[in-house]
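Here's the letter readout for the chains.
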Amino acid sequence: MSVTTYKEAIRQAQADALKADPTVFLLGEDIAAAGGAFKVTDGLMESFGGERVMDTPISEQAIIGAAIGAAIMGSRPVAELMFADFAGVCFDQIANQLAKYRYMSGGQVSVPVTVRLANGAGQGFASQHSQPVENWFLNCPGLKIVTPGSVEDAYGLLRSAIADEDPVLFFEHKAMYNLKRVRTGELAPVPIGQAEVVREGGDVTVVATQLMRQCAERAAEQMADLGVTVEVIDPRTLVPFDYGTVAESVAKTNRLIVMQEGSAGGSWGATVVARIAGDCFESLDLAPVLISAPDTPVPYAGGLEAAWLPDVDTLCEAIKAMDRY
Amino acid sequence: MSVTTYKEAIRQAQADALKADPTVFLLGEDIAAAGGAFKVTDGLMESFGGERVMDTPISEQAIIGAAIGAAIMGSRPVAELMFADFAGVCFDQIANQLAKYRYMSGGQVSVPVTVRLANGAGQGFASQHSQPVENWFLNCPGLKIVTPGSVEDAYGLLRSAIADEDPVLFFEHKAMYNLKRVRTGELAPVPIGQAEVVREGGDVTVVATQLMRQCAERAAEQMADLGVTVEVIDPRTLVPFDYGTVAESVAKTNRLIVMQEGSAGGSWGATVVARIAGDCFESLDLAPVLISAPDTPVPYAGGLEAAWLPDVDTLCEAIKAMDRY
Amino acid sequence: MEYPDRVAIDDDPSLADGELLGMLRSMLEIRGLEDEIQRAFTKDLVRGSTHLCNGQEAGVVGACTALAEQDTMVCTYRGHGAVLAMGAPLDATFAEIVGRETGLCGGKGGSMHLTDVRVGAYGSFAIVGAHLPIANGLALGARQRGRDSVSLCFFGDGSTNIGAFHESLNLAAVWSLPVIFFCENNLYGEYTPWRATTRVERLADRAASYGMPGVRVDGNDVVAVHQVTAEAVARARSGAGPTLIESVTYRHRGHSRTDPATYRPEGELDRWLEVDPVLRLRALLTTRGIGEDRIAGTEAAAKESVRTAVESALAAPPPRPDALFKDVYA
Amino acid sequence: MEYPDRVAIDDDPSLADGELLGMLRSMLEIRGLEDEIQRAFTKDLVRGSTHLCNGQEAGVVGACTALAEQDTMVCTYRGHGAVLAMGAPLDATFAEIVGRETGLCGGKGGSMHLTDVRVGAYGSFAIVGAHLPIANGLALGARQRGRDSVSLCFFGDGSTNIGAFHESLNLAAVWSLPVIFFCENNLYGEYTPWRATTRVERLADRAASYGMPGVRVDGNDVVAVHQVTAEAVARARSGAGPTLIESVTYRHRGHSRTDPATYRPEGELDRWLEVDPVLRLRALLTTRGIGEDRIAGTEAAAKESVRTAVESALAAPPPRPDALFKDVYA
Ligand SMILES: Cc1ncc(C[n+]2csc(CCOP(=O)(O)OP(=O)(O)O)c2C)c(N)n1
Ligand SMILES: Cc1ncc(C[n+]2csc(CCOP(=O)(O)OP(=O)(O)O)c2C)c(N)n1
Ligand SMILES: [Mg+2]
Ligand SMILES: [Mg+2]
């Protein structure tokens, strides 16, 4: 079947990786017989067997550890943690073991583990199932972190993550599972560490991922009608970050807005603003703007969660404010 | 005995809190009978009894959970996690439970838990015992985070943390345990959320905590001889952060350097630079500078770890580079 | 054999008719509200996910009725029944689940985080195993503050394979904490049969690893559940420490939301419907000679209280916008 | 009774004189190097902390000699002995501990993170319990890659109370992984007696919670340790799954660095010194009629190999500055 959604792209990437490389296998809670809590691995056990698509007990530390050890022995594990928030119960395995194993051993081992995490807010899952968990792992050198924002990137970055010799945290936004594919053509690997200029523009640079990238694209449309051209950049990979593409854009627009789903403290957005403010200060005509969620946990009620999430209007206001100068 | 070191200040703060408030108690691994792996709770069990100073099994999730529950029932727990890096095995308890419990319940509970963590690098403890763990928790609204950089602050912030109605992560730098007290006078509570201008100056603002604050003070001395006056600010609290004090200083110096022990990604330093670049752009004559460790785990060998840690020379170079303009 | 060997349940003279009728009423209200929640979910009034406990009412009602005023309870995202069994108001509970200002948590928690400290319901937790360490803390804090209370902690079969379970039972035993670890073994963790996730024969046997008593009970027999829990509570209150209870039961509905539960063997649900805890309690009441009228009256009353609760909850407004920023800090 | 009831150890004819002498040599080299490390530490040549295994040599040597070429081993910060028992070179091991370029990990790991994959030593981990999940992975990966290898995992008594222990033993049993969970019960976790941290009578009994065999062995009897491990290895290789071994032993030195171990009861150390694993193996060799000359020769050889290893390690340079940036990514 031809891939038409973000969810199918992730499923297909796993299917193609399983087909292409006999050392690839999947493990996680309810990913095999049930096809995954989000059905992202639906049918894969039937196609590839229980030895390559493995259900586990509710034991996240054991899941990540099994992936680490198997990777060192030459397999290529793709571990699903279901809701990204569950990374909290296996944080040590990811931050202290997976990220550092190669370094501590002086390069004696490679740990090609891919961890899939269903990330983000917007669907009423409340405080413990809606977090921007990518921000928990930014200060753990040794990890790579990707955040696909399109159907193509979902497929392409997952293929690259699984093929990568290093640990990769693959954050799939669960509010985007049903995102429809717009482009056509073959799905193919997308290199880790390369940002994409999603839309060209000369007046303001907006850097955003996933849901916020969608807001940015919508805002760019609206601003275009007002004669303001917005350049939208999706970094796609947060670690290692493609600062070159952002710097180039800022050199052209002289204005930077970074928009992210989570709160500001210790976020990837703050990291980018700090770096660009330092490296491209002379290019900036105006103060760089960081649009983030407020410093609160994610609330349950619909109105509250909507208010928590940065939106198109907030971004348009920020762009207009810049344009006024 | 009168407090003369950072370690004694922390011990004394716990002793005074235990004396002042019958609801205060301490728990952790080997903190009671043995007086702590770093001897920071030495003698407290003898003075206050095993009911108020409790040893635990090696079960960090159980330790934090016990503190959370006890706090909700009206006690004031001070949980020691020994090396801060062990927060990885109880990350869920801290980030998903401790930080969010009050919010999720709509304010039905208060969770006055203090968590003590021996943080930081510099002593050859290698990758899993040397991290700047404060950066793991910056994106978890609901927590307060303090990083005492002097004997007075070690005492004062710990007293305030224990008295605080909210969860506070108290990061004590283990390379500073034997730091000698310079000032005299009574030790007293230090309010959470207030930065301190450690040294006044008009040419450059340097924001740093703990070991890096010490570097900053030394660099300021050296630069003074060259006629450059450096204003050194120790934020003391990372969450909630006292941006006012930094903004005020930058309005005066028009130059900002943030220096931190860890790498840049998702760090408190990047968060501060991003915020000040946004709020005080007009005040900045030059690009704000973020001095961080490289993006690697902490290596063991002395020469490598020394190279990993930002130092006085790096800071002096950065200050001189700014002064040249 | 996990399936109860019979429909009839043994009587316990120490339980007065009124108490049994009270249990019936509570079980009926829980089931009635769960049905309303499912209905509301299909109408998109419930956001995210919701996890119903239809079929497991005897466990929460039997256990919570063994508690005293000052005791505490924590549970999971599948905790609607437990919170109601503690006495949380039906309307505020439903209001929370549909995200209204009048909800137990002002609409901030939702279906997975029901909390009502006024009735001793100290929280519903959505991270598997996360509340077991906290249950210890509630027991410890109560003891420290001179409050003679027992801490009851509900969790599922699947939760017994996660690290926090191990650390919590061990610490509770070492400190002889007054905690009841109440495992609702409903045979599945999400879509996986519990026997596929461990090789231990009976989950109750895991108590041995901590030197604590472990007991297995027919979780669809409200009287039996009440009895074993009462014994564990007495033991805990006496200072003798924690107990692990494995209550074998079954959830009539899927794991969450619209899970059709196709992973269940043909006929399994039907067999369990025969031993529905409500039917079994009803049968006991009849053998006690309690008239059909009184039972029917209880059923009608339960139905009515659910109806009015849902009505008033749905009439309530959503949280005020500024609620977003409240309750982060004290 | 944890203390061995006698000094003499039973012979095992299947072990040739040469093998026993090899074990003696290995145990002597381990102890000799640990003594050198302590000396180096007091001379500030070892940074951070170091954890010695003097007194526990029979455990690591008895177990590792039961492995085959393709098998793997992971251990803790107290892993110098285990890594040497796998065959890691003395000089590169010492060089790592004093942070030299020629160290096993190029000086990046240090005392707590010795790794030498060429001999199957897949790492020493400094977070309690963290390597148990990884030991499962090594076993799983080997099975997947058609490599018939067993995964041996050393950890201490105190580590059996942490969550990762529970999750790992359960998963290993469910997947019938070829893993040996080798618990070195040296009676203390840091400064705390193990009995103060749990109520289970014997740590080996915890195997029952996972439906796996658990066995306790005299950890100062290298022959007994070798036998129980060999049985567990055979069982694992046959596909029958994991085993938990509790090896009761004693560390002669403090927990780490300069811990004087004042928390030990008067005379405890002396009693354990009487059953020093080296003395006991030596005694067995004598009863086998192996001449004092051969034994003394082995002792001299061990001494010499340690001396030259330390010498060459200390002559090696520190890591080159650019090593800092290497090995973060492949
Ligand atoms: C740490 C963690 N892992 C996984 C999940 C996802 N999850 C939610 S409920 C559930 C099954 C729990 O099964 P059980 O403990 O038997 O409780 P039940 O739902 O049957 O009441 C899982 C795996 C979670 N919430 N937390
Ligand atoms: C998660 C974690 N908690 C605490 C520590 C600190 N610590 C290091 S060794 C140790 C004691 C471990 O005891 P045991 O498992 O018996 O091993 P032994 O040192 O006796 O060999 C502790 C608590 C740690 N390294 N990791
Ligand atoms: Mg279940
Ligand atoms: Mg020990």
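Keep in mind the model is a prediction, meaning the values are calculated, not measured. Along each chain, residues carry numbers from 1 onward, in the same order as the chain's sequence is written. Just so you know, chain letters begin at A and ligand numbers begin at 1, following the order they were written in. With the structure being a predicted model, the display of local features is reserved for residues of pLDDT at least 70 and the display and counting of side-chain atom pairs for 80 or more, all residues being used for whole-chain, interface and lining totals. To get the side-chain values, take all heavy atoms of the structure and skip hydrogens and water.

Visitor: Would you mind showing me how to read the overall build of chain A here?
Guide: Think of it this way: any DSSP run of H or I at least four residues long counts as a helix, any run of E at least two long counts as a strand, and we number them from the N terminus. Helices and strands together make up the secondary structure of chain A, namely eleven helices and twelve strands. Contacts were defined at the residue level, with two residues in contact if any of their heavy atoms lie within 4.5 Å. Across chain A, every contact between residues at least 6 apart in sequence was considered, and the portion connecting residues at least 24 apart equals 80%.

Visitor: Help me understand the interface of chain D and chain C in this model?
Guide: You'll often see interface size given as the accessible area lost when the parts meet. In this assembly, 21 residues from chain D lie in contact with 21 residues from chain C. Two parts placed together each lose some accessible area; with a 1.4 Å probe, that loss summed over both constitutes the buried area. Area buried by chain D at its contact with chain C is led by His166, Arg199 and Ser209 of chain D, which between them contribute 36% of it. A pair is scored as a salt bridge if a Lys or Arg side-chain nitrogen falls within 4 Å of a carboxyl oxygen belonging to Asp or Glu. Our count for the contact surface shared by chain D and chain C stands at zero salt bridges. In protein, a polar contact means a hydrogen-donor-capable atom and an acceptor-capable atom, both N or O and within 3.5 Å, with residues adjacent in sequence counting only if both atoms are side-chain atoms; elsewhere, any N or O pair within 3.5 Å suffices. Counting the contacts that link chain D with chain C gives 21 residue pairs in polar contact (both at pLDDT 80 or more). For the side of chain D that touches chain C, a count of residues per class yields eight nonpolar, ten polar and three charged. Amino acids outside the nonpolar list (Ala, Val, Leu, Ile, Met, Phe, Trp, Tyr, Cys, Pro) and the charged list (Asp, Glu, Lys, Arg) are all regarded as polar, and Gly is one of them.

Visitor: Hey, could you run me through the relation of the copies chain A and chain B in this one?
Guide: The relation between the two chain copies is a rotation about an axis coupled with a shift along that axis. When the copies are superposed, the least-squares fit takes in the C-alpha atoms of residues with a pLDDT of at least 70 in both. When chain A is fitted onto chain B, the two copies agree to an RMSD of 0.0 Å after a turn of 180 degrees and an axial shift of 0.0 Å. The relationship between the two copies is best expressed as a two-fold rotation axis. In this assembly, 100% of the residues forming the interface of chain A have copies in chain B that are likewise at the interface, indicating an isologous arrangement.

Visitor: How do you make sense of the sheet that holds strand β11 (residues 256–263) of chain A when you look at a structure like this?
Guide: All names here are of chain A. The strand order across the open sheet formed by five strands is β7-β9-β8-β11-β12, and the pairing between neighbours is mixed. The open sheet terminates on both sides in strands that have one partner only, identified here as β7 (196–199) and β12 (289–293). Strand after strand, the sheet turns through a mean of 25 degrees between neighbouring axes, direction not considered. By definition, two strands form a pair when at least two bridges between them are found by DSSP. Examined bridge by bridge, β7 and strand β9 (residues 230–234) share three bridges and lie antiparallel to one another. In the sheet register, Arg199 faces β9, and the bridge partner there is Val232. Along the sheet, helix α11 (residues 312–324) contacts β8 (204–208), β9, β11 and β12; its crossing angle with β11, the most-contacted strand, is approximately 155 degrees. All axes are obtained by fitting lines to C-alpha atoms, using only the stretch in contact for helices, and the reported angles, taken between N-to-C directions, cover 0 to 180 degrees.

Visitor: How should I be thinking about the site of ligand 1 in this particular structure?
Guide: Neighbouring residues of ligand 1: 22 residues in total, closest Glu60 of chain A together with Tyr77, Ala126, Gly158 and Ser159 of chain C. Think of it this way: one heavy atom of a residue within 4 Å of a molecule or strand is enough to make that residue near it. Those residues lying near ligand 1 are distributed over chains A and C. At 2.9 Å from an oxygen atom of ligand 1 is found a side-chain nitrogen or oxygen belonging to Arg78 of chain C. Asn186 of chain C is positioned such that a nitrogen or oxygen atom in its side chain is 2.9 Å from an oxygen atom of ligand 1. Relative to its unbound accessible surface of 580 Å², ligand 1 loses 97% to contact with the protein. Grouping the amino acids of the shell around ligand 1 by side-chain chemistry returns ten nonpolar, seven polar and five charged. The accessible surface values rely on the Shrake-Rupley method and a 1.4 Å probe; as for residues, cover is taken only from the protein chains in view.

Visitor: Whenever I open this one, the confidence of the model for chain C confuses me. Can you help?
Guide: Interpreting fine coordinate detail is not advised for predicted regions of low pLDDT. Residue and element names in this part refer to chain C. Scored by pLDDT, chain C comes out at a mean of 97, with 100% of its residues at no less than 70. Looking at any residue, its pLDDT shows the predictor's confidence there, from 0 to 100. Mean pLDDT across the elements of chain C bottoms out in strand β6 (residues 192–193) (96) and peaks in strand β3 (residues 151–156) (99). Taken together, the chains of this predicted complex give a pTM of 0.99 and an interface ipTM of 0.99.

Visitor: Would you mind going over the coordination of the magnesium ion (ligand 4) with me for this structure?
Guide: A four-donor tetrahedral metal ideally has 109.5 degree angles, and a six-donor octahedral metal ideally has angles of 90 or 180 degrees. Residues and elements named next belong to chain D. Each metal's donors are the N, O and S atoms within 2.8 Å of it, or within 3.2 Å when it is Na, K or Ca, and because water is not part of the set, sites may look incomplete. For the magnesium ion (ligand 4), every protein donor is listed as Asp157 (OD), Asn186 (OD1) and Tyr188 (O), and the spread of their distances is 2.0 to 2.1 Å. One chain supplies every donor for the magnesium ion (ligand 4), spaced along it as D-x28-N-x1-Y. Here the residue Asp157 occupies a position in the loop between β3 (151–156) and α6 (163–174), and Tyr188 occupies one in strand β5 (residues 188–189), the gap between them amounting to 31 residues. Accessibility here uses a 1.4 Å probe with only protein chains present; expressed as a share of the type maximum, an area under 20% marks a residue as buried, one over 50% as exposed, and anything in between as partly exposed. Exposure remark for Asp157: the relative accessible area of 2% places this residue in the buried category.

Visitor: Can you help me understand the interface of chain A and chain B in this one?
Guide: Of the residues lining the interface, 44 residues belong to chain A; the matching set on chain B comes to 44 residues. For the chain A and chain B pair, buried surface summed over both sides reaches about 3,700 Å², with 62% attributable to carbon and sulfur atoms. When the area that chain A buries against chain B is broken down by residue, the three leading residues are Tyr103, Asn139 and Phe281 of chain A, summing to 19%. The interface formed by chain A and chain B includes zero salt bridges. Across the contact surface, chain A and chain B share 20 residue pairs in polar contact (both at pLDDT 80 or more). For the side of chain A that touches chain B, the elements supplying multiple residues, two or more each, are α4 (91–98), α5 (101–104) and α9 (268–279) of chain A. Of the residues contributing to the side of chain A that touches chain B, the split by class is 23 nonpolar, 16 polar and five charged.

Visitor: Explanation requested: the nonpolar core in the structure shown.
Guide: It is characteristic of soluble globular proteins that their nonpolar side chains tend to be buried jointly. Counting 196 residues, the largest nonpolar core has Ile94 and Phe137 of chain A together with Ile94 and Phe137 of chain B as its most contacted members. In contact with Ile94 of chain A, other than residues within four places in its own chain, are Ile64, Leu81, Ala87, Ala99, Phe137, Leu143 and Leu169 of chain A. Of all hydrophobic cores here, the second largest spans 76 residues; its members include Ile10, Ala32, Met82 and Ala301 of chain A. Here, the term nonpolar core denotes a set of buried Ala, Val, Leu, Ile, Met, Phe, Trp, Tyr and Cys residues that are joined through side-chain atoms within 4.5 Å.

Visitor: What should I look at first to understand the coordination of the magnesium ion (ligand 3) in this one?
Guide: All names here are of chain C. The protein atoms that coordinate the magnesium ion (ligand 3) are Asp157 (OD), Asn186 (OD1) and Tyr188 (O), at distances of 2.0 to 2.1 Å. Site description for the magnesium ion (ligand 3): donor spacing in sequence, D-x28-N-x1-Y. Within this pair, whereas Asp157 is found in the loop between β3 and α6 (163–174), its partner Asn186 is found in the loop between β4 (179–185) and β5 (188–189), the two being separated by 29 residues in sequence. The class of Asn186 is buried, set by a relative accessible area of 5%.

Visitor: Can you help me understand the site of ligand 2 in this one?
Guide: Around ligand 2 there are 22 residues in total, and Glu60 of chain B together with Tyr77, Ala126, Gly158 and Ser159 of chain D lie nearest to it. Proximal residues around ligand 2 fall on chains B and D, making this an inter-chain site. With the chains in place, 97% of the 580 Å² that ligand 2 exposes on its own is no longer accessible. Classifying every residue of the shell around ligand 2 by side-chain character gives ten nonpolar, seven polar and five charged.

Visitor: Got a minute to help me understand the packing of helix α3 (residues 60–72) of chain B against α6 of chain C in this structure?
Guide: Each pair of packed helices gets described by two things: the angle between the helix axes and the distance between those axes. In the contact formed by α3 of chain B and α6 of chain C, the axes pass within 8 Å of each other and the chain directions differ by 65 degrees. Here α6 of chain C runs roughly perpendicular to α3 of chain B, going by the angle between their axes. As α3 of chain B packs across α6 of chain C, the resulting crossing turns out to be right-handed. Here Glu60, Gln61, Ala62 and Ala66 of chain B of α3 of chain B come into contact with α6 of chain C, specifically with Gly163, Ala164, Glu167 and Leu171 of chain C. The scheme is simple: roughly parallel for angles under 35 degrees, roughly antiparallel for over 145, roughly perpendicular for 65 to 115, oblique for anything else. Note on convention: near helix rotated counterclockwise from far helix by under a right angle means a left-handed crossing. Clockwise means right-handed.

Visitor: Is there a simple way to explain the packing of aromatic side chains in this structure?
Guide: One pair of aromatic rings is described through two measures. These are the centre distance and the angle between the planes. Ring pairs shown here join Phe, Tyr and Trp side chains whose ring centres sit within 6.5 Å, with only the six-membered ring taken for Trp; geometry is labelled stacked below 30 degrees between planes, edge-to-face above 60, and tilted in between. Tallying each qualifying case throughout the model produces 38 aromatic pairs over all chains. With centroids separated by 5.9 Å and ring planes inclined at 65 degrees, the aromatic side chains of Phe155 of chain C and Phe165 of chain C adopt a geometry described as edge-to-face. Separated by ten residues along the polypeptide, Phe155 of chain C in strand β3 and Phe165 of chain C in helix α6 bring together distant segments of the chain. Assessed through its relative accessible area of 1%, Phe155 of chain C is described here as buried. Taken together, the aromatic side chains of Tyr6, Phe38, Phe83, Phe86, Phe125 and Tyr177 of chain A make up a single cluster linked through ring pairs. Distance and angle both matter: a charge sits over a ring if NZ of Lys or CZ of Arg is within 6 Å of the ring centre and within 35 degrees of the ring normal. The cationic tip of Lys144 of chain A hangs over the ring face of Tyr329 of chain D; the distance from NZ or CZ to the ring centre is 5.0 Å. For the cation-ring pair, Arg271 of chain D lies above Tyr3 of chain D, with the distance from its terminal atom to the ring centre recorded as 4.3 Å.

Visitor: Help me out: how do you make sense of the environment of Leu281 of chain D in this one?
Guide: Tracing the chain through its elements places Leu281 of chain D in helix α9 (residues 277–287). Contact partners of Leu281 of chain D, with chain neighbours within four places excluded, come to Ile9, Leu20, Met23, Leu24, Met27 and Val222 of chain D.

Visitor: Any chance you could explain the pattern of salt bridges here in plain terms?
Guide: Think of it this way: side chains of opposite charge can pair up when their charged atoms draw near. If you walk through the whole model with that rule in mind, you get 89 salt bridges over all chains. For Glu29 of chain C, the salt bridge is made with Arg25 of chain C, and the minimal N-O distance between the two is 2.7 Å. Taken as a pair, Glu29 of chain C and Arg25 of chain C lie in helix α1 (residues 17–42) at a separation of four residues, close to a single helical turn. Residues joined by salt bridges that share partners form a network here, namely Asp153, Arg183, Glu196, Arg213, Glu217, Asp234 and Arg236 of chain A.

Visitor: What should I look at first to understand the domain arrangement of chain A in this one?
Guide: All names here are of chain A. Note that domain bounds follow an automatic or database assignment of domains. Split by domain assignment, chain A resolves into domain 1 (2–183) and domain 2 (196–323). Contacts between domain 1 and domain 2 engage 30 residues on the former and 24 residues on the latter. Between domain 1 and domain 2 we count three salt bridges in total. Note that Arg213 is salt-bridged to Asp153, the shortest N-O span being 3.9 Å. Counting across the interface, domain 1 meets domain 2 through 14 residue pairs in polar contact (both at pLDDT 80 or more). For the side of domain 1 that touches domain 2, the secondary structure elements donating two or more residues are β5 (144–146), α6 (151–163) and β6 (168–173). Of the residues in the side of domain 1 that touches domain 2, the class split is 14 nonpolar, eleven polar and five charged.

Visitor: Explanation requested: the sheet that holds strand β2 (residues 53–55) of chain B in the structure shown.
Guide: Residues and elements named next belong to chain B. Strands sit in the order β2-β1-β3-β4-β6-β5-β10 across an open sheet of seven strands; the sheet is mixed. Of all the strands in the sheet, the pair left with one neighbour each is β2 and β10 (237–239). Strand-to-strand twist across the sheet, computed as the mean angle between neighbouring axes with direction ignored, equals 20 degrees. Here strand β1 (residues 24–28) pairs with strand β3 (residues 76–83) via five bridges, running parallel. Paired with Val24 across the strands is Arg76, a residue of β3.

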